[in-house]
Amino acid sequence: MSRPARAGSEVSVDKADSASCRIETVYGVSQLTVFSFGPNEQDNILCLSVPTEESRPLVRIQSACYTGEIFRSLDCDCHEQLDESMRRIHAGGGYFIYMLADGRGAGLLTKVRGLALGDNEGLDTYDAYVRLGVEPDPRKYARVLSVLQHIGLSKIELLTNNPRKIEALRDSGISVDRAPLQIDPTPASAQYLEAKRTKFGHLLDSSLIRGDIEGK
Ligand SMILES: [Zn+2]
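Scope of this entry: the structure provided in the associated data block. (Residues numbered from 1 in each chain as written. Predicted model: local features only at pLDDT ≥ 70, side-chain atom pairs only at ≥ 80, totals over all residues.)

## Observations regarding the sheet that holds strand 6 (residues 155-159)
For sheets, the rule is that strands pair by backbone hydrogen bonds, running either parallel or antiparallel.
Alright, step 1. Sheet architecture is open: 7 strands sit in the order 1-2-3-5-4-6-7, paired in mixed fashion. Edge strands, defined here as strands with exactly one partner in the open sheet, are strand 1 (17-25) and strand 7 (175-179). Ignoring strand direction, the axes of neighbouring strands in this sheet form an average angle of 25°.
Alright, step 2. Bridging between strand 6 and strand 7 involves 5 bridges; their strand directions are parallel. Pairing of Glu 157 across the sheet is with Asp 177, part of strand 7.
Alright, step 3. The strands that helix 6 (residues 163-171) touches are strand 4 (58-63), strand 6 and strand 7; relative to strand 7, the one it contacts most, it runs at about 160°. (Pairing = 2+ DSSP bridges. Helix = DSSP H or I, 4+ residues; strand = E, 2+ residues; numbered from the N terminus. Axes fitted to C-alpha atoms, helices over the stretch in contact; angles between N-to-C directions. Contact = placed C-beta atoms within 7 Å.)

Now the structure itself:
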């Protein structure tokens, strides 16, 4: 088993400040660590860890979605993905790694402009980003990789539907098995999930989405 390739030094966890505390949530108890890579909060990474004996621990890497996770907007599945991941990681151990960058790394201004294009012109999230001249999924995983290396994780079971995320980790030498994380659509989120499936290539079962689009 080869060691994961080192992340670039400018995003290395060795250069980050960090702080850690015990946190008790509705899901259970975990250790919360913040890795601060600089003055921009959106660059920082949170890691909640729950002890595990697994040689291939369960990992979720999620990037912020204030509209879905905090305000419980119905038009995406982010809160439910967070909820399901936290449940599973607290049940069997593992790591929940949270990137503070919203809008798939493009920031809230772009995200809300994109949501407005959805409202006003019916564009899905992919086409809205293209219209705004923004890469549809500009997330970079170098800081996350640096955190995984710091923890010493070279084999993981990754909760995701996103092949790009799997590829980013595999490219750095981490052995990744996928654990699917498909959330049942609501009438409001079906269009978003269908765009994730058809345009972002997410590994989603279309039969679980189509009914809600047609019934909308
Ligand atoms: Zn969301």
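## Here we look at helix 5 (residues 142-151)
Alright, step 1. For helix 5, a buried count of 7 out of 10 residues is recorded, marking the element as mostly surrounded by other parts of the structure.
Alright, step 2. For helix 5, the complete set of buried residues consists of Arg 143, Val 144, Leu 145, Ser 146, Val 147, Leu 148 and Gln 149.
Alright, step 3. Tucked inside the fold, the buried residues of helix 5 contact strand 2 (28-36), strand 3 (45-50), strand 4, strand 5 (94-99) and helix 6.
Alright, step 4. At the exit of helix 5 stands Gly 152, carrying a positive phi of roughly 95°. (Buried ≥ 20, exposed ≤ 12 C-beta atoms within 10 Å, placed from the backbone.)

## A look at the environment of Leu 208
Alright, step 1. Summarising the element assignment, Leu 208 is placed in helix 8 (residues 207-214).
Alright, step 2. For Leu 208 and Ile 183, which are 25 residues apart along the polypeptide, the C-alpha to C-alpha distance reads 9.0 Å.
Alright, step 3. Ignoring anything within four residues of it in the chain, the contact list for Leu 208 reads Gln 182, Asp 184 and Pro 185.

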